[in-house]
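# Descriptive structure summary
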Amino acid sequence: MSDKHKDRPSLLVRLSFLDVCSKSFWLFFDNMGLFLILSLAWFAVSLFIIPLPAATAALIYVTDKLSFGGSAGIKDFFKAFKKYFWAANTVFLAAAFICFLSLIGFGFYCVRFALFGKIVAALMGGVFIVTIFALVYIFPLCFRIKNPFAVVKGAVTLVVCHPVFSVMVFIFLLVLFMLGVATGAGIILVTPGLSAAVISGAVRELSCKYGFSDVSPKQERTFRETFFPWKE
């Protein structure tokens, strides 16, 4: 095989949901103090509702830097919050607008125009579901792509191209949210940071698949050697 072919990024890199979960946990674990502060900052800013998308994008931005081997701190959170405020809110509103229109269309066509209406309603329902799952990707993409509609399009494309992977990530985030609510303090201290780590991990796996970053290394550490080192 020629050097030219060796340098070409492979599109056959497998997406592993379990790898994302493992790497996300260790990323959170290794930077737990920072993530606790970031989670508190995210929660405090999000209480005002309107800044919630920008705060989410800022949290993922910081996590993304850590995920790709860089260094980041609480100052980076507020810098990213200011820098991507309008981009994050615009992208979120665009996705919300698509969801709203698809729901209205679903309700309208579901009871009209016989079979044709049912087909259109099914399409509208599919658009709604795909857009909901695409919310996983819109915030990490909003500081990579400037055009908000291109961000939504890119996020939807990722869901369509990787439906099983995207659904599993979405469900895992939903479980984290429910566990955070159930524990009370967890929704403030753990869920935001750990969810951002999962989202960043998923985007990193996709970036590696399409050759935008180096192939993500396997996670060598195990839960056993960390919490029960004497058993090794």
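Being a predicted model, the structure only gives us computed values, none of them experimental.

This next bit is on the packing of helix 2 (residues 17-30) against helix 9 (residues 163-183). Where helix 2 meets helix 9, the axes come as close as 10 Å, and the angle between the chain directions of the two elements is 35°. Crossing of helix 2 against helix 9: the hand is right-handed. Seen from helix 2, the contacting residues are Phe 17, Val 20 and Cys 21; seen from helix 9, they are Phe 165, Met 168, Val 169 and Phe 172.

Helix length check: helix 9 (21 residues) gives 30 Å between terminal C-alpha atoms against 30 Å at 1.5 Å per residue, within 8%. Listed in full, the buried residues belonging to helix 9 are Phe 165, Ser 166, Val 169, Leu 173, Leu 176 and Gly 180. Buried residues of helix 9, seen end-on, are gathered within an arc of 100° and therefore sit on one face of the element. Set apart from the buried face of helix 9 by more than 90 degrees, the exposed residues are Val 164, Met 178 and Ala 182. Those residues of helix 9 that are buried lie in contact with helix 2, helix 7 (114-142), helix 8 (148-161), helix 10 (186-189) and helix 11 (191-209). Backbone geometry just downstream of helix 9 places Gly 184 in the positive-phi region, at approximately 85°.

Here we come to the nonpolar core. Within the largest apolar cluster, 54 residues are counted, with the highest numbers of intra-cluster contacts made by Phe 77, Tyr 137 and Val 169. In this structure Phe 77 touches Leu 38, Ala 41, Trp 42, Val 45, Ala 55, Ala 58, Leu 59 and Val 62, once residues within four positions along its chain are discounted.

Turning our eyes to something else, we now look at unusual backbone geometry. With a phi angle near 60°, Phe 113 is a residue other than glycine that sits in the positive phi range. You can see Phe 113 is positioned in the loop between helix 6 (85-110) and helix 7. Unusually for a residue other than glycine, Ala 114 sits at a positive phi of about 50°. As for its position among the elements, Ala 114 is in helix 7. Residue class for Ala 114 comes out exposed when judged on its relative accessible area of 57%.

Viewed as axis vectors pointing N to C, helix 9 and helix 11 meet at an angle of 170°, and their least axial separation amounts to 9 Å. For the element pair helix 9 / helix 11, the angle class is roughly antiparallel. Along its contact with helix 9, which presents Phe 165, Val 169, Phe 172, Leu 173, Leu 176, Phe 177 and Gly 180, the element helix 11 presents Thr 191, Leu 194, Ser 195, Val 198, Ile 199, Ala 202, Glu 205 and Leu 206. Among the residues forming the contact of helix 9 with helix 11, the class breakdown is 11 nonpolar, 3 polar and 1 charged.

Between its first and last C-alpha atoms helix 4 (residues 52-67) spans 22 Å; for 16 residues at 1.5 Å apiece the expected length is 22 Å, and the two agree. Taking burial as the measure, the 16 residues of helix 4 include 13 buried ones, the bulk of the element.

With that out of the way, let us pick up the side chain of Thr 63. Residue position: Thr 63 is located in helix 4. For Thr 63, a relative accessible area of 0% translates into the label buried. Setting aside residues no more than four positions away along its own chain, Thr 63 makes contact with Leu 27, Phe 35, Ala 196, Ala 197 and Ser 200.

The rules we used
Residues numbered from 1 in each chain as written. Predicted model: local features only at pLDDT ≥ 70, side-chain atom pairs only at ≥ 80, totals over all residues. Heavy atoms only, no water. Axes fitted to C-alpha atoms, helices over the stretch in contact; angles between N-to-C directions. Helix = DSSP H or I, 4+ residues; strand = E, 2+ residues; numbered from the N terminus. Left-handed = near helix turned anticlockwise from the far one by under 90°. Contact = heavy atoms within 4.5 Å. Expected span 1.5 Å × (residues − 1). Buried < 20%, exposed > 50% of the residue type's maximum accessible area, 1.4 Å probe, protein only. Arc of directions from axis to C-beta. Core = buried A, V, L, I, M, F, W, Y, C linked by side-chain atoms within 4.5 Å. Parallel < 35°, antiparallel > 145°, perpendicular 65-115°, else oblique. Nonpolar A, V, L, I, M, F, W, Y, C, P; charged D, E, K, R; others polar.

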